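Remarks on the overall topology
Here is what each chain is made of, one letter per residue.
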Amino acid sequence: MIVSGICHPPRSSEKRDASVQLLPSGQLQLVTELGQQEWSLTELEISKPLGNLPIKVTFPGGMQFIAHDSRSLERMLGAGKSSRLHRVERNIPMIAASLAAMLVVFVLMFTHGVPWLTGALVRVMPEQVPQLVGEHVLATLDEHMLEPSALTVSQQTAISDRFSRMNTNLPPLPVQPKLVFRRWGNGPNAMALSDGSVIVFDSLVELAETSEQLDSIILHELGHIQNQHVMKSLVRSTLLSAAVAVVTGESTGLIDTFSGIGVFLVTQGYSRTAEEEADEYAAGQMVRLYGSVVPMRQMFELLNETAGSGELPEWLSTHPELESRIEGLSQ
Ligand SMILES: [Zn+2]
């Protein structure tokens, strides 16, 4: 459709014959005897229809167009608006692409952003935080799961003395480690807390046939402390809970979640990567201190046998892939 009318050059009362036409691209083309030019509708200033006053279209630069028949111009510009919708539809591949890009950013945030932020937060965290969290988690475990150790005082003293001596030969840890004895009905195990506590369970002491075997498990727990796995898991889980809370708008119970996660993590263990890091640390220190990983492998085998008898589901869930870890050490 072509709508004819007149146009005024900028700041002039001169009149020229002109016509406008809406192009398939959605642009408005102005044709005068001097030539033609196209603009997109968003660049134009279109006066509102007011009574019988004609609609004026002002082009960038000041040229004005007045149609002989305002209604047909109005209809044409109305069609122009819907053609803008068509343009959006034509852009669907682009919209899909930007949604995909957003998804990638979202995934990257979880795969890279959260780990980076976790590391950064754990680095700048005041040392009182892992201290308080560790104490709180131990108090909660004592209240609900653990009982005082039944080892004799001389047994505990012997292991503690050995632990102190071993400790002086280790590279400095982020927190000062200390040994804690407890009894737990869930099979031989040990746990590391964020404040540097290593909880050794009576059943683990009983299972170990030599002191070096027991040391290898303590070193594994020190590996978790060296790599700050406890605080990292805690911060990461809290960040993820916070992210879920922001996305879902559900923020109540976030504080409860925080302390709940602390207990959950130490009882449910870490990621496989974290376990491998702890194993690597333990194996490295075993070689440094005793010149061999054989006691560590023997200890894993003892634990595996206990697991095989069905008495040790916890150890397998907190320390998965025991078999492959034993094989890893044999190489
Ligand atoms: Zn572990």
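Look up a bit, the structure's there.
Notes on the structure in this doc start here. Residue positions are counted from 1 within each chain, in the order its sequence is given. Side-chain atom pairs in this predicted model are given and counted only at pLDDT of 80 or more, local residue features only at pLDDT of at least 70, and totals for whole chains, interfaces and linings cover all residues. Heavy atoms throughout the structure, all of them, feed into the side-chain values; hydrogens and water do not.

**A few points about the nonpolar core**
Side-chain atoms within 4.5 Å are what join buried Ala, Val, Leu, Ile, Met, Phe, Trp, Tyr and Cys residues into a set we call a nonpolar core. Working definition: with a 1.4 Å probe on protein chains only, accessible area under 20% of the residue-type maximum means buried, over 50% means exposed, and in between means partly exposed. Formed by 36 residues in total, the largest nonpolar core has its most connected members in Val-200 and Leu-222. Only DSSP runs of H or I reaching four residues or more are called helices, and only runs of E reaching two or more are called strands; each is numbered from the N terminus. For this core, the element with the most residues is helix α6 (residues 211-226), which contributes six residues. Leaving out residues up to four positions away in the same chain, Val-200 has contacts with Leu-179, Val-180, Phe-181, Arg-182, Asn-189, Val-205, Leu-214 and Ile-218. With 19 residues, the next largest nonpolar core counts Val-3, Leu-28, Trp-39 and Phe-59 among its residues. Throughout, a residue-residue contact means that at least one pair of heavy atoms, one from each residue, lies within 4.5 Å.

**Looking at the pairing of strand β11 (residues 197-201)**
Residues in a regular strand project their side chains so that they alternate between the two faces of the sheet. Of all five residues in β11, five are buried, a share of seventy percent or more. Here, any two strands with at least 2 DSSP bridges between them count as paired. Judged from the five bridges that link them, strand β9 (residues 178-183) and β11 form a sheet pairing that is parallel. Across the sheet, the residue bridging to Phe-181 is Val-200, located in β11. Inspection of the sheet shows strand β10 (residues 190-192) paired to β11 by three bridges, in the antiparallel sense. What sits directly across from Ala-190, in β11, is Val-200. With antiparallel pairing between neighbouring strands as the criterion, β10 and β11 make up a hairpin whose turn holds four residues, including Gly-196 at a positive phi of roughly 95°.

**Describing α6**
One fewer than the residue count of a helix, multiplied by 1.5 Å, yields its expected span. The end-to-end C-alpha distance of α6, which contains 16 residues, comes to 22 Å, matching closely the 22 Å that a straight helix rising 1.5 Å per residue would cover. In the segment just after α6, Gln-228 is the residue with positive phi, at about 50°.

**Side note on the pattern of salt bridges**
What counts as a salt bridge is simple: a side-chain nitrogen of Lys or Arg found within 4 Å of a carboxyl oxygen of Asp or Glu. Under the counting rule described, the total for this entry stands at six salt bridges. The salt bridge involving Arg-182 is made with Asp-142; its shortest N-O contact spans 2.7 Å. Taken together, the residues span a long stretch of sequence, with Arg-182 in strand β9 and Asp-142 in helix α3 (residues 128-144) at a distance of 40 residues. Take Asp-142: its relative accessible area is 29%, and that puts it in the partly exposed class.

**Description of the sheet that holds strand β5 (residues 45-46)**
Here seven strands make up an open sheet; going across it, the order is β4-β3-β2-β1-β7-β6-β5 and the pairing antiparallel. Edge positions in the open sheet fall to β4 (35-40) and β5, since each of these has one partner strand only. With six bridges connecting them, strand β1 (residues 2-8) and strand β2 (residues 16-22) associate as antiparallel partners. Pairing of Ser-4 across the sheet is with Ser-19, part of β2.

**Examining the packing of helix α4 (residues 153-168) against α6**
In a pair of packed helices, the angle between the axes and the distance between the axes together describe the arrangement. Relative orientation of the contacting elements α4 and α6 amounts to 60°, with a least axis distance of 11 Å. Our classification of the angle between α4 and α6 gives oblique. Viewed along their axes, α4 and α6 form a crossing whose handedness is right-handed. For the pair formed by α4 and α6, the contact residues are Ile-159, Arg-162, Phe-163 and Met-166 on the first element and Ser-211, Glu-212, Leu-214, Asp-215, Ile-218, Leu-219 and Leu-222 on the second. Gly falls in the polar group here, along with every residue not listed as nonpolar (Ala, Val, Leu, Ile, Met, Phe, Trp, Tyr, Cys, Pro) or charged (Asp, Glu, Lys, Arg). Looking at the contact of α4 with α6 residue by residue, the class counts come to seven nonpolar, one polar and three charged. For every element, the axis is a line fit to its C-alpha atoms; helices are fit only across the contacting stretch, and the angle between N-to-C directions ranges from 0 to 180 degrees. Convention used here: angles under 35 degrees read as roughly parallel, angles over 145 as roughly antiparallel, angles from 65 to 115 as roughly perpendicular, and any remaining angle as oblique. The crossing is said to be left-handed when, going from far helix to near helix, the turn is anticlockwise and less than a right angle, and right-handed when the turn is clockwise.

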